[in-house]
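One letter stands for each residue in the lines below.
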Amino acid sequence: FPQFSFSGGNGGEDEPYIINTLQDLKDFHSATTGQNANSIYNFSNYIQTSDIYIPISEIPNIQIGDFYGHFNGKGYSLDFYDSGLELPSFDIIGNSSLFRTIRGSGRVDSIVISGLNYGGFKIASVIYSGVLSRCINYSQQDSVTVYANIWYGSCSCFVDQMQGGVMENCINYADIYGLDALGSALCQSISGGCIRNCKNYGNIYNAVVAAGICTIV
């Protein structure tokens, strides 16, 4: 399979791959999906070392595949903005996430989501096992746009489904607009696993079922 060097590192625990540019995220996507799915990159260690600014038109190109490794965002942000380019359709982006799934002993820590959240982008679609910890979603407001809000039929800030594993110490500050659908701050549904010490400080609007932490248990 192709070799990816990212911005440094070798993927080991003591020298994780360095993620600090949009191109690093796009390479992370390429290294863990398609013909490279379940490669060594799905099981490696990564560290984010700077804020990364991401045009929302690039969201389909940054989704990481099934993840069994360790990603430490170090509290740096993934900051989404509208570049003015044609946006992906909701059919493509509606259930998109940074990680397709978290599995095995996978661990994702300390990611901050900021900027304009288009179509319900979240950190993981499904947690089967492993840990999602210390992640933050927050909003800012100016005279034009309310940032980090989610406009999609089924919306949550961090995870769509928990079927196992742990989500802990995650905080949402964003308002959520469910457009007459399901809306929750942290997790859409949980059929296994554990949510602990997570908090929501945002408001939920226009949701058929609204919940601060999880909509369906």
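Here, the structure is the one placed above.
Report follows, based on the coordinates. (Residues numbered from 1 in each chain as written. Predicted model: local features only at pLDDT ≥ 70, side-chain atom pairs only at ≥ 80, totals over all residues. Heavy atoms only, no water.)

With respect to the pattern of salt bridges
A full pass over the atoms with the stated rule returns seven salt bridges. Residues aspartate 66 and arginine 103 are paired through a salt bridge, measuring 3.7 Å at the closest nitrogen-oxygen approach. Of this pair, aspartate 66 sits in the loop between strand 3 (52-55) and strand 4 (70-72) while arginine 103 sits in the loop between strand 6 (97-102) and strand 7 (107-109); the two residues are 37 residues apart in sequence, bridging distant segments of the chain. The class for arginine 103 is partly exposed, based on a relative accessible area of 25%. The shortest N-O distance in the salt bridge between glutamate 168 and arginine 107 comes to 3.8 Å. Residue glutamate 168 is found in strand 14 (residues 159-168), and its partner arginine 107 is found in strand 7; the two are separated by 61 residues along the sequence. A residue is classified by how much of its surface remains accessible, and glutamate 168, at 12% relative accessible area, is buried. (Salt bridge = Lys/Arg side-chain N within 4 Å of Asp/Glu carboxyl O. Helix = DSSP H or I, 4+ residues; strand = E, 2+ residues; numbered from the N terminus. Buried < 20%, exposed > 50% of the residue type's maximum accessible area, 1.4 Å probe, protein only.)

Remarks on the environment of glycine 34
Structurally, the position occupied by glycine 34 is in the loop between helix 1 (22-32) and strand 2 (45-48). Sequence separation between glycine 34 and glycine 65 is 31 residues; the distance between their C-alpha atoms is 8.6 Å.

Describing the sheet that holds strand 8 (residues 112-115)
Taken in spatial order, the six strands line up as 3-5-8-11-15-18 in an open sheet, and their pairing is parallel. A single partner strand is all that each edge strand has here, and the edge strands are strand 3 and strand 18 (199-200). Alignment of strand 15 (residues 171-172) against strand 18, held across two bridges, turns out to be parallel. By the bridge assignment for strand 18, isoleucine 171 is matched with lysine 199. Across the sheet, helix 1 lies against strand 3 and strand 5 (77-81), angled at about 70° from strand 3, the strand it touches most. (Pairing = 2+ DSSP bridges. Contact = heavy atoms within 4.5 Å. Axes fitted to C-alpha atoms, helices over the stretch in contact; angles between N-to-C directions.)

By themselves, these figures tell us nothing about what the structure is for.
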